[in-house]
Amino acid sequence: MSTPRRGNRKEDILQALAAMLQSNNGQRITTAALAEKVGVSEAALYRHFPSKARMFEGLIEFIEDTLLSRINSISDEHKDTQSRIELMLQLILVFAERNPGFCRILTGDALQGEQERLLERVAALFEKLETQFKQTLRERKLREGKGFSIDEGELANLLLALVEGKISQFVRSGFKRLPTNAWQNQWALLQQTLFN
């Protein structure tokens, strides 16, 4: 194992944790196993993170920063509600597909037996995503002069349930049932129902 540059050790620890979440089939990850994977002592892990919970928080922050910054970019670059919603949903599904270890965090699977605040952070992330959907849907009236057949909050909740369900299926299938499977056909039906 090659020794990574010292300045990236914190990042190396988080990357190793994410990789272990993907390959450990839901088994709890110990700091000893993580230290071995990174090629450092447990004491060295704790020099960078005061606890395993802080390591998980680092991953949650990365997920949140990545998704929300890209959603903001989508909102800046696209003014059409239909395009925005499509790209936001696609972003979440592709991000999940490319980062299977993170999906175990998003479903709470990897956080069982860990500190309650970690599950609360994940719940808060999903609330932020739902708020982004709701805001985008509500702006349709202002931008395009059109509404929806149901309340935007209820619709935002439905869209969130859709991506959460696909992420859960991905985890349950051992990462075989990809979140983007059949997505184009599913989106075509949703689009026809929602935007016509």
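Heads up: the structure comes first, above all this text.
Residues numbered from 1 in each chain as written. Predicted model: local features only at pLDDT ≥ 70, side-chain atom pairs only at ≥ 80, totals over all residues. Heavy atoms only, no water.

## Digging into the packing of aromatic side chains
Then step 1. Within this structure, the stated rule accounts for 6 aromatic pairs.
Then step 2. Both rings, one in phenylalanine 148 and one in phenylalanine 195, keep their centres 5.6 Å apart while their planes meet at 75°; by these two values the pair is edge-to-face. Separated by 47 residues along the polypeptide, phenylalanine 148 in the loop between helix H7 (116–144) and helix H8 (152–172) and phenylalanine 195 in helix H9 (residues 183–195) bring together distant segments of the chain.
Then step 3. Residues phenylalanine 170 and phenylalanine 175 carry aromatic rings whose centres are separated by 5.1 Å and whose planes lie at 70° to one another, so their mutual orientation is edge-to-face. By the burial criterion, phenylalanine 170 is buried, and phenylalanine 175 matches it.
Then step 4. Feature note: the residues Phe148, Trp183, Trp187 and Phe195 constitute an aromatic cluster, connected by ring pairs.
Then step 5. Lysine 10 extends its terminal NZ or CZ atom over the ring of phenylalanine 49, reaching a point 5.3 Å from the ring centre.
Then step 6. Taking NZ or CZ as reference, arginine 140 lies 4.7 Å from the ring centre of phenylalanine 148, over its face. (Phe/Tyr/Trp six-rings, centres within 6.5 Å; stacked < 30°, edge-to-face > 60°. Helix = DSSP H or I, 4+ residues; strand = E, 2+ residues; numbered from the N terminus. Buried < 20%, exposed > 50% of the residue type's maximum accessible area, 1.4 Å probe, protein only. Lys NZ or Arg CZ within 6 Å of the ring centre and 35° of its normal.)

## A word on the environment of aspartate 151
Then step 1. Secondary-structure assignment places aspartate 151 in the loop between H7 and H8.
Then step 2. A C-alpha to C-alpha distance of 21 Å links aspartate 151 and glutamine 186, two positions 35 residues apart in sequence.
Then step 3. Side-chain polar atoms of aspartate 151 contact the backbone nitrogen of glycine 153, separated by 2.8 Å. (Polar contact = N/O pair within 3.5 Å; in protein donor to acceptor, adjacent residues only side chain to side chain.)

## Quick look at H8
Then step 1. An ideal rise of 1.5 Å per residue puts 30 Å on 21 residues; H8 measures up with 30 Å between its terminal C-alpha atoms.
Then step 2. Where H8 is concerned, the buried positions are Glu152, Gly153, Leu155, Ala156, Leu159, Leu160, Val163, Lys166, Ile167, Phe170 and Val171.
Then step 3. Buried positions along H8 lie against helix H5 (81–98), helix H6 (100–106), H7 and H9.
Then step 4. Between the side-chain oxygen of the N-cap and the backbone nitrogen of glycine 153 there are 2.8 Å, and the N-cap of H8 in question is aspartate 151.
Then step 5. Just downstream of H8, glycine 174 is the residue with a positive phi angle, here 70°. (Expected span 1.5 Å × (residues − 1). Contact = heavy atoms within 4.5 Å.)

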